[in-house]
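The primary structure of each chain is shown beneath.
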Amino acid sequence: MEYSPYYNPELETMPRKELERLQLERLQHTVRHCMNAEFYRKKFAELGITPDDIKSLDDVRRLPFTTKEDLRENYPFGLACVPMRDCTRLHSSSGTTGNPTVVLHTKKDLDEWATAVARCLWMVGSRPEDVFQNSAGYGMFTAGLGFQYGAEAVGMLTVPAAAGNTTRQIKFIRDFGTTVLHAIPSYASRIYEVMREEGVDPRRDTKLRVLCIGAEPHSEEQRQRIEENLGVKAYNSYGISEMMGPGVAFECPQQNGLHIWEDYFIVEIIDPVTLEPLPDGELGELVLTTINREAMPLLRYRTRDLTRILPGECSCGRCHRRLARLQGRSDDMIILKGVNIFPIQIEKTLLKFRELATDYLITLETKEEGDTMTIDVELAADFSTDDFKALLALEKNVTRLLKDEILITPKIHLVPKGTLTVSDEKKAVRVKDLRKLF
Ligand code: COA
Ligand code: ZN
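Residues numbered from 1 in each chain as written. Chains lettered and ligands numbered in written order. Predicted model: local features only at pLDDT ≥ 70, side-chain atom pairs only at ≥ 80, totals over all residues. Heavy atoms only, no water.

> Would you explain a negative patch on the surface in this entry?
Residues E193, E197, E198 and E368 make up a contiguous surface patch of negative charge. Within the secondary structure, E368 sits in the loop between β17 (356-367) and β18 (370-379). Relative accessible area serves as the criterion here: at 73%, E368 is assigned to the exposed category. (Patch = residues over 30% accessible without salt bridge, like charges linked within 9 Å, V, L, I, M, F, W, Y side chains within 5 Å. Areas by Shrake-Rupley, 256 points an atom, 1.4 Å probe, with all protein chains shown as cover. Salt bridge = Lys/Arg side-chain N within 4 Å of Asp/Glu carboxyl O. Lys, Arg positive; Asp, Glu negative; His and termini not counted. Charge placed at Lys NZ, Arg CZ, Asp CG, Glu CD. Helix = DSSP H or I, 4+ residues; strand = E, 2+ residues; numbered from the N terminus. Buried < 20%, exposed > 50% of the residue type's maximum accessible area, 1.4 Å probe, protein only.)

Spelled out as structure tokens, the structure:
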């Protein structure tokens, strides 16, 4: 069957001028809608602005920034702009020691999200004839349900395999004829390793054709390695749970930058120190304003992700600008196995144990079984290291509480007081990232 190369032909290829007109209309509507939340009313009053001050797209710069801290401080529903009865789902980040972040969605928000993901999947060649398998965590991880509903909107047969159990993932890929797979880059490599161990040749024994890889910064070399190993085309996916999750930006078949859906977002790149806007082509922090969200619009949200806008048009015909490969973060967030972790979550959890001293060191490594986190922690001076049973029990408790907090299982090394050197000349080094990029 002959399909259009676009999922939403009109919205994906409209002339820039029309797109900008749509953006302004949606921005003005969004800003007025934000006045339903006390949080935004206060911010506007402080800046002495009203929704009527937004007359052009450039006026977005007059709006206040929104940050992760704002979401935490107004946990859980302080940024809601609709009554709770109109909300259909929420997604929340991990963490029990501090306030996690919560994002609310109405039914329409969820439909728009599914459409954004469907556009991305369609863009890289997924069609109703395809079989789509998702190895993201379901539940609160946005890449689970996010890809699920997007793939269903495309009309593919979906296999909601969820995270882990690699042998079973491979069996599904073979038995169900999976052609399109979503996996974070390190897990795509893991799947390949296990295929090799099991004597499965991806080219001969599977129908895999397209891989969607995201949630972890990765290099061009890593992409190529995944493509060669699995005999697929691999496309970079960018999502952020505060915006919705996957579906924010995605590579097209040109594999040269990620189209960001500008009928959903107003895109700015700023200098994270001066907060001044940067011209196209310059590396800075991505700042996004949602312009078609009902439950919880976010104005000038500071993503902390570093990237730049690629100048020029793309030969695929889409009018939406492209972001360069994401380059890391302007804060200290760790991304391990597709899970976002702040070192402060680990520190706060460790501090709950009187048996532990305050020095610790987090080491991230790439091992045969995948990426791992090891935490060396010093024992309190009065804790006897001779009591083997007590030591084991403590290790188990620390591991359990940390798993509750950060959702992955770290390896805990309890060491005697005074054995860790965690500071260089100026400041404490708490995280050592020794992971191989590919
Ligand atoms: N996606 C899918 N599976 C993953 C994974 C990932 N990002 N990272 C690890 N796994 C696999 C492991 O290979 C292992 O497979 P096996 O059953 O074949 O041995 C299994 O999951 C368990 O991993 P392990 O490292 O022992 O467990 P953990 O407790 O440290 O981690 C996970 C728990 C895997 C459940 C957690 O890392 C997770 O949910 N990751 C997915 C996050 C996600 O979907 N992010 C998308 C962005 S929103
Ligand atoms: Zn393109």
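Once the structure has been displayed, the description carries forward.
> It is not clear to me how the coordination of the zinc ion (ligand 2) should be interpreted in this structure. Could you clarify?
C252 (SG), H259 (NE2), C314 (SG) and C316 (SG) make up the full set of protein donors to the zinc ion (ligand 2), lying at 2.1 to 2.3 Å. For the zinc ion (ligand 2), the 4 donor atoms in the first shell make angles of 101 to 118 degrees at the metal, a pattern classed as tetrahedral. Motif for the zinc ion (ligand 2), donor spacing along one chain: C-x6-H-x54-C-x1-C. Of the two residues, H259 is situated in strand β9 (residues 258-260) and C314 in the loop between β13 (309-310) and β14 (322-323); the sequence distance between them amounts to 55 residues. Across the pair, exposure class does not vary: H259 and C314 are buried alike. (Donors = N, O, S within 2.8 Å, 3.2 Å for Na, K, Ca; no water. Tetrahedral: all angles 85-135°; square planar, octahedral: opposite > 155°, others 65-115°.)

> Can you help me understand the site of ligand 1 in this one?
Neighbouring ligand 1 are 21 residues; G137, N165, T166, K337 and T409 lie closest to it. The separation between a nitrogen atom of ligand 1 and a polar main-chain atom of G164 is 2.9 Å. The separation between an oxygen atom of ligand 1 and a polar side-chain atom of K403 is 3.0 Å. Coverage of ligand 1 by the protein chains reaches 72% of its 870 Å² of free accessible surface. Along the lines of polarity and charge, the residues of the shell around ligand 1 split into 10 nonpolar, 8 polar and 3 charged. No fewer than three residues from each of domain 1 (1-331) and domain 2 (334-437) sit in the shell around ligand 1. (Near = heavy atom within 4 Å. Polar contact = N/O pair within 3.5 Å; in protein donor to acceptor, adjacent residues only side chain to side chain. Nonpolar A, V, L, I, M, F, W, Y, C, P; charged D, E, K, R; others polar. Domains from an automatic or database assignment.)

> Can you walk me through the pattern of salt bridges in this structure?
Pairing of side chains with opposite charge becomes possible as their charged atoms draw close. Tallying each qualifying case throughout the model produces 28 salt bridges. Taking the shortest distance from any N to any O, the salt bridge between R119 and D263 comes out at 2.7 Å. With R119 in helix α5 (residues 107-123) and D263 in the loop between β9 and β10 (265-270), this residue pair connects regions lying 144 residues apart in the sequence. Just as R119 is buried, D263 falls in that class too.

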